[in-house]
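Architecture at a glance
Here is how the chains run, residue by residue.
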Amino acid sequence: MPKVEHQGRARAVKTVRVTLAIALCIIYLIPVLWMLSTAFKPREAIVAVPPKITFNPTMEGFVSLFTKRSTLTRMQMEQYQQRTDLSWWDKVALERGLAIIGPSQYVDRVKNSLIIAGISTIAAVTLGLLSAYAFSRFRVRAQADWLFFILSTRMLPPVVVTIPIFLMYRQLGLFDTHIGLILLYTAFNLSLSVWLLKGFVDEIPREYEEAALVDGYSRWQAFRKIVLPQSVTGIAATAVFSLIFAWNEYAFALMLTSDRARTAPPSIPSVVGTAGREWAATAAGSLLFLIPVVIVAFAVRKYLLRGITFGAIRQ
Amino acid sequence: MADVGLQHISKRFGQNLALDDVSFEIKDGEFFVLLGPTGAGKTTTLRIIAGLERQDQGVVTIDDEPADHLPPAERDVAFVFQQYSLYPTMTVYDNLAFPLRSPLRRIPEAEIKQRVEETAEKLRISHLLQRKTAHLSGGEMQRVSIGRAIVRHPRIFLMDEPLSNLDAKLREALRIELSHLQKTQGSTTLFVTHDQTEALTMADRIAVLDQGRIVQIGSPYDIYDRPATTFVAQMVGSPKINLLPAARENGNLHITDSPITLPADASVELPAALVVGVRPEDVVIEDSGQFSGQVMLIEPLGMETVIYLKSGGQTLVSTTPGITRLRIGNEARFSIARQRIHYFGSDGVRI
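Residues numbered from 1 in each chain as written. Chains lettered and ligands numbered in written order. Predicted model: local features only at pLDDT ≥ 70, side-chain atom pairs only at ≥ 80, totals over all residues.

Digging into the overall build of chain A
- Secondary structure summary: chain A contains 16 helices and 4 strands in total.
- What you see for chain A is a C-alpha radius of gyration of 26 Å, clearly larger than the 20 Å of a compact globule of 315 residues, by over 25%.
- Along the three orthogonal principal directions, the C-alpha set of chain A runs to about 85 × 75 × 40 Å.
- Counting over 315 residues, chain A shows a buried share of 31%.
- Counted over contacts in chain A with a minimum sequence separation of 6, partners at least 24 positions apart contribute 77%. (Helix = DSSP H or I, 4+ residues; strand = E, 2+ residues; numbered from the N terminus. Rg over C-alpha atoms; globule rule 2.2 N^0.38 Å. Buried ≥ 20, exposed ≤ 12 C-beta atoms within 10 Å, placed from the backbone. Contact = placed C-beta atoms within 7 Å.)

A word on the overall build of chain B
- Assigned secondary structure in chain B consists of 8 helices and 20 strands.
- Along the first, second and third principal axes, the C-alpha atoms of chain B reach 75 × 45 × 35 Å.
- Expressed as a percentage of its 351 residues, the buried residues of chain B come to 40%.
- Considering only contacts in chain B between residues 6 or more positions apart, those separated by 24 or more positions represent 65%.

Some points on the sheet that holds strand β12 (residues 252–255) of chain B
Residue and element names in this part refer to chain B.
- If you walk across this open sheet you meet the 5 strands as β13-β12-β11-β14-β20, and the pairing is antiparallel. For this open sheet the edge positions go to β13 (261–263) and β20 (342–345), each flanked by a neighbour on one side alone. Direction aside, neighbouring strands of the sheet carry axes that sit 35° apart on average.
- Note that strand β11 (residues 242–249) and strand β14 (residues 273–278) share 6 bridges and pair antiparallel. (Pairing = 2+ DSSP bridges. Axes fitted to C-alpha atoms, helices over the stretch in contact; angles between N-to-C directions.)

Description of the domain arrangement of chain A
- Domain annotation of chain A identifies domain 1 (2–46), domain 2 (60–103) and domain 3 (106–270).
- Here the C-alpha centre of domain 2 of chain A lies 41 Å away from the C-alpha centre of domain 1 of chain A. (Domains from an automatic or database assignment.)

Quick look at unusual backbone geometry
- Along the chain, V49 of chain A connects to P50 of chain A via a cis peptide bond; the corresponding omega equals -5°.
- With respect to the secondary-structure elements, P50 of chain A resides in the loop between α2 (43–47) and α3 (60–66).
- For the peptide bond that leads from S238 of chain B to P239 of chain B, omega is -5°, which places it in the cis range.
- Looking at where P239 of chain B falls in the secondary structure, it is placed in the loop between α8 (230–235) and β11.
- The residue R106 of chain B is not glycine, and still its phi comes out positive at about 50°.
- Within the fold, R106 of chain B resides in the loop between α2 (92–97) and α3 (109–122).
- On the basis of neighbour counts, which here come to 8 C-beta atoms within 10 Å, the residue R106 of chain B falls in the exposed class.
- If you check the backbone angles, Q211 of chain B has positive phi at about 50° while not being a glycine.
- For Q211 of chain B, the location among the structural elements is in the loop between β9 (205–210) and β10 (213–218).
- On the neighbour-count criterion, Q211 of chain B (15 C-beta atoms within 10 Å) is partly exposed.

Examining the sheet that holds strand β1 (residues 4–13) of chain B
Residues and elements named next belong to chain B.
- The strand order across the open sheet built from 4 strands is β2-β1-β4-β5, with neighbouring strands paired in antiparallel fashion. Looking at the sheet topology across the chains shown, the edges are occupied by β2 (16–26) and β5 (65–66).
- Here β1 runs beside strand β4 (residues 57–62); their pairing, made up of 5 bridges, is antiparallel. Looking at β4, one finds that G5 is bridged to T61.

Digging into the nonpolar core
- Core analysis: the largest hydrophobic core is formed by 132 residues, its most contacted members being V33, I49, F79, L158, L190 and V208 of chain B.
- The biggest single contributor to this core is helix α9 (residues 178–203) of chain A, with 11 residues. (Core = buried A, V, L, I, M, F, W, Y, C linked by C-beta atoms within 7 Å.)

A look at the confidence of the model for chain A
- Across chain A, the average pLDDT comes to 87, with 93% of residues at 70 or higher.
- Mean pLDDT values for the elements of chain A range from 58 in strand β3 (residues 272–273) of chain A up to 94 in helix α6 (residues 106–137) of chain A. (pLDDT = per-residue confidence, 0-100.)

Regarding the pairing of strand β3 (residues 31–35) of chain B
Residues and elements named next belong to chain B.
- Most of β3 sits inside the fold, with 5 of its 5 residues counted as buried.
- Here β3 shows a buried face lined by F31, V33 and L35 and a second buried face lined by F32 and L34.
- In the sheet, β3 pairs with strand β8 (residues 189–193) via 5 bridges, with the strands oriented parallel. By the bridge assignment, F31 is partnered in β8 with T189.
- The pairing of β3 with β9 spans 4 bridges and is classified as parallel. Across the sheet, the residue bridging to L34 is A207, located in β9.

What about the packing of α6 of chain A against helix α12 (residues 232–248) of chain A?
Residue and element names in this part refer to chain A.
- Relative orientation of the contacting elements α6 and α12 amounts to 140°, with a least axis distance of 9 Å. The angle between α6 and α12 places the two elements in the oblique class. Note that α6 runs across α12; the crossing there is right-handed. Contacts from S113, I116, A117, S120, T121, A124, V125, G128 and L129 of α6 reach α12 at I235, T238, A239, S242, L243, A246 and W247.
- Of the residues contributing to the contact of α6 with α12, the split by class is 10 nonpolar, 6 polar and no charged. (Parallel < 35°, antiparallel > 145°, perpendicular 65-115°, else oblique. Left-handed = near helix turned anticlockwise from the far one by under 90°. Nonpolar A, V, L, I, M, F, W, Y, C, P; charged D, E, K, R; others polar.)

Focus: the packing of α6 of chain A against α9 of chain A
Residues and elements named next belong to chain A.
- Closest axis-to-axis distance for the α6/α9 pair is 6 Å, and the angle between their directions is 40°. For α6 against α9, the interelement crossing comes out right-handed.
- A per-class count over the contact of α6 with α9 returns 18 nonpolar, 9 polar and 2 charged.

Description of helix α4 (residues 138–150) of chain B
All names here are of chain B.
- An ideal rise of 1.5 Å per residue puts 18 Å on 13 residues; α4 measures up with 19 Å between its terminal C-alpha atoms.
- The buried fraction of α4 is high, at 11 of 13 residues.
- Within the sequence span of α4, burial applies to E140, M141, Q142, R143, V144, S145, I146, G147, R148, A149 and I150. (Expected span 1.5 Å × (residues − 1).)

Re the interface of chain A and chain B
- Each side of the interface is counted separately: chain A has 14 residues, and chain B has 18 residues.
- Sort the elements by how many residues they give to the side of chain A that touches chain B and helix α10 (residues 206–214) of chain A lands first, with 6 residues.
- Across the side of chain A that touches chain B, the residue classes tally to 8 nonpolar, 3 polar and 3 charged.

Here it is as structure tokens:
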């Protein structure tokens, strides 16, 4: 009998756990779901009070996100309606009396985001791995002080330094450049990257490399052939954290760019159409903006979970 | 193959003096064992020869040429580590081929294949070649790492307690295999261990290291039969040697706190206070024995039995062949093989 009772209790605990997990999931996902539905809602449904759950989905939001439009006069509209070469997005715009006159800047903004977040992540992980390796393997003079100094760059809230950085960037000609934001994001991510990766490199037994050194390989070759494949987990975890920071960063992107290097986050809220705020376009922009990070995180999820719990459990 | 020389090597780690003026020479084809307890500096010595660590003072020579300026890769030595020495992401084959694929050597892949297979056969691991190393047993792993050392015919083998992570049976088997391999290949080997059995059974010569200093260098017989200090005497031999404090008086040696009295050896000059060392096999249990003691403990090991005898305040360890009919609490008579007694001064140095 006690065995059955025990099983019954275990099942009850499991039920409670799963219920809690689902409830938490729903709480966290509601904003995302709301964004998803807003992106497809027609204008009237977005501003309706009380909010509408059911509606006829439309691509209006996406069309206004990706295009520049101008209002048509009644005569122009009639001309337009005669035409047979209109694509589906032209038709969506036409329903609201608009003509598409070109692509919007959203695509360029996302492109900037990809370039800046991508390169700064690669830079932060590469530099971080090399210095983590050095800290882990060599006797560095005043090692503890250096490590604390690196960590201390994280202690100040970034907003505090926006004005000096803005002034410096203007002087140095880094304002509104890709390289400017790349440098900044790399610097911000580097402290996390060094500390995180040092933990991983510390866990790789030295004997592996020493065996390679004795076997006829140089320090650099041993690093490439032994340490690098062993630290994939750490690299993946660090890369995701760095990428998420650089991808989502808003304040500096807003301050330090105007047009050429502007990334997506500061530009999404400013998608303003001819008829006031385009909530559908904003939601569509945010939704698309989420996708790359989700894909990357999903692709490396195996390493990520191991990466976060790494060191907590010894073999 | 080659010979290796260490001249006046010293090494400090912070405040800690790891090696203190260490000098010895390993001859071509010799099996040389560094024996010492944990922290004696054995591994540091090995790492300095390999170039993984730099000495503060002294010179390392390989083939009579100074090797200090050479990085590990160019010293052409092979290192077998205590553990962790196999590359976990590679197969056994790739592990064995790894040293041969070094950009320093430029060996064609066909020759690599042949040499890897040859080595695998020698160590009887041919059936494991395509396995990932993570799935090997301890003995198989250590075989592979020995294989990785012999596959490229290095000038010297450096082995850092390669058997100490294995269970007793496996250790014995691999010990014999390793000895055989070394003799047939004639390879110069420096083998580090804290296990006196390994040292005595495998070595051509042994250097005993204590706290960074060499205490004695000699053949296994020298080390066992003529230990230079009480430290060496205790380091080798199992069960441990009996060390008994004694006082010399009127041509006799009185063992402190015990009725045992031995005639002083006239051929050596003995101080008034000294330490007498008697190996357990030299405490002979026999009915005609001169001394008597109470049996405290009996440990039958099959081929011999270890008997702990109490005589006054001293406990003597004796080994006797086969199985004994003595029981705990019995009085036993024993004698001490006089010609095999070791004398040490109160500072522990052999007289």
